[in-house]
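Residues per chain, in single letters:
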Amino acid sequence: MSSPTITEISSFAVDVEEGLSKYPKQLPSKYFYDAIGDQLFQDIMAMPEYYLTNCEFEIFSEQRADILQAIGDAPFELIELGAGDGTKTKLLLEHFLREQADFTYRPIDISGNVLEQLMTACAQEFPELEVAAVEGDYIEALTQIHEEHNERRKVVLFLGGNIGNFPLAEAKKFLNQIATCMDAGDLLLTGFDLKKDPKVIQAAYDDPAGITASFNLNLLHRINRELGGDFDLDQFFHWETYNPLSGEARSYIVSRSEQKVNIDQLHLSVHFEAWEAIAVEVSAKYGERDITEMAQEVGFEIKTNFMDKRQYFMDSLWELKP
Ligand SMILES: C[S@@+](CC[C@H](N)C(=O)[O-])C[C@H]1O[C@@H](n2cnc3c(N)ncnc32)[C@H](O)[C@@H]1O
């Protein structure tokens, strides 16, 4: 599972060609996560500035009994979108197993590498847990699970700041797509990074050690490695802005000079003007009102909200209405 599949390679190629041919240029952040990107993201989660991991870790450590109680007793499939290395999810898995909840774990991730690590860790730490992973894009993989027509209800996890990788209008569209793969009464637990001091947010995405910069620039390395690109990494840099009005932190890769980059496998030559940017990631932050309105608009009812002590982060549990 660790080497990319043909579909992955071709969708990467198609999206790179499309994104670098348009103006302004754009590359999807889901391609950050190859084996090197997975490791860099684990380094980000360990950074003191990246408060998101600690907040959700605290919520799960201290409120996992309440989370299980809110989920209820009936057997369920625990489906996780973009599971990553499962650092925080393992707190839930451990508690659910200890309480003898009847569930199967279905992690989904676009990175086969990270899924393989997660499955190995689960087999070692929770040998009694039934795990059936699906490698692929969120909705394709969730549709595949939905089409299995399992009798059990679904409890879908979408943790960390992943929902924030969609701008608000697209996030609603995405949540609607999730809802079409669920049945009435199924549950969705989503992590929302809340609006807070802009300085705290800015530091989380622009750390002084430059780990986030390496993580973002790995995308250009990946194009060089997998598609025969000749990006000169010294000629590009990472730039981050947080807009407290829209609640969006946005990451860019900026060209230091006018230059031409060739990508052999795409037979593509890309021209950059000096200071031209590629938009690579959005990380949206929310107010409680945004979350309530979003749940209502996409047909869910909020069951319970779980927040950390500093009120930086919220895991919101929603039930799909009939
Ligand atoms: C920011 S990490 C978060 C991991 C974990 N949910 C957490 O909270 O620590 C995002 C994860 O989602 C995966 N991912 C990103 N875009 C994806 C997509 N479109 N489909 C499936 N997985 C995706 C990445 O490979 C990565 O493991």
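Note that the structure is a prediction, hence the values are computed from the model and not measured.

This part covers the packing of helix H6 (residues 138-146) against helix H7 (residues 168-180). Packing of H6 against H7 brings their axes to within 9 Å, and their N-to-C directions diverge by 15 degrees. When the interaxial angle is binned, H6 and H7 end up roughly parallel. As for how H6 packs across H7, the hand of that crossing is right-handed. Contacts between H6 and H7 pair Tyr138, Ile139, Leu142 and His146 from the former with Phe174, Gln177, Ile178 and Thr180 from the latter. Partitioned by chemical class, the residues of the contact of H6 with H7 number five nonpolar, three polar and no charged.

With that settled, the discussion passes to the sheet that holds strand E1 (residues 25-26). With respect to topology, four strands assemble into an open sheet ordered E1-E11-E8-E7, the strand pairing being mixed. Where the open sheet ends on each side, the last strands, each with one partner, are E1 and strand E7 (236-243). The sheet contact formed by strand E8 (residues 248-255) and strand E11 (residues 277-284) spans seven bridges and is antiparallel. Looking at E11, one finds that Arg250 is bridged to Val282. Helix H9 (residues 211-227) rests against E7, E8 and E11 of the sheet, and its axis sits at about 120 degrees to E7.

This paragraph deals with the nonpolar core. Counting residues in hydrophobic clusters, the biggest one holds 68 residues, and the most contacted among them are Val16, Leu78, Phe96, Phe231 and Ile263. Counting the residues that make up this core, at least three belong to each of domain 1 (6-29 + 199-284) and domain 2 (51-194 + 287-320). The contact partners of Leu78, leaving out residues within four places of it in the chain, are Leu93, Phe96, Phe103, Thr104, Tyr105, Arg106, Val155 and Leu157. One finds Leu142, Leu194, Ala284 and Trp318 within the second-largest nonpolar core, a separate group that totals 32 residues.

What counts as what
- Within each chain, residues carry numbers counting from 1 in the order of the written sequence.
- Reporting in this predicted model follows two pLDDT cut-offs: at least 70 for local features of residues, and 80 or more for side-chain atom pairs to be given and counted; totals over whole chains, interfaces and linings ignore these cut-offs and use all residues.
- As a rule here, side-chain values cover all heavy atoms of the structure and leave hydrogens and water aside.
- An axis is simply a line fitted to the C-alpha atoms; with a helix, the fit covers only the stretch in contact. Between two such axes, the angle follows the N-to-C directions and lies from 0 to 180 degrees.
- For the purposes of this entry, the term helix denotes a DSSP run of H or I that reaches at least four residues, the term strand denotes a run of E that reaches at least two, and both are numbered from the N terminus.
- We call two directions roughly parallel when the angle between them is under 35 degrees, roughly antiparallel when it is over 145, roughly perpendicular when it lies between 65 and 115, and oblique otherwise.
- When the near helix sits turned anticlockwise from the far one by under a right angle, the crossing is termed left-handed; a clockwise turn instead gives a right-handed crossing.
- A contact between two residues is defined here by any heavy atoms of the two lying within 4.5 Å.
- Any residue that is not Ala, Val, Leu, Ile, Met, Phe, Trp, Tyr, Cys, Pro, Asp, Glu, Lys or Arg is counted as polar, Gly included; the first ten are nonpolar and the last four charged.
- Strands are treated as partners if at least two bridges between them are detected by DSSP.
- Residue types Ala, Val, Leu, Ile, Met, Phe, Trp, Tyr and Cys, when buried and joined through side-chain atoms within 4.5 Å, form a set referred to as a nonpolar core.
- Buried residues are those whose accessible area, probed at 1.4 Å on protein chains only, stays under 20% of the maximum for their type, while exposed residues exceed 50% and partly exposed ones sit between those limits.
- An automatic or database domain assignment supplies the residue ranges for each domain.

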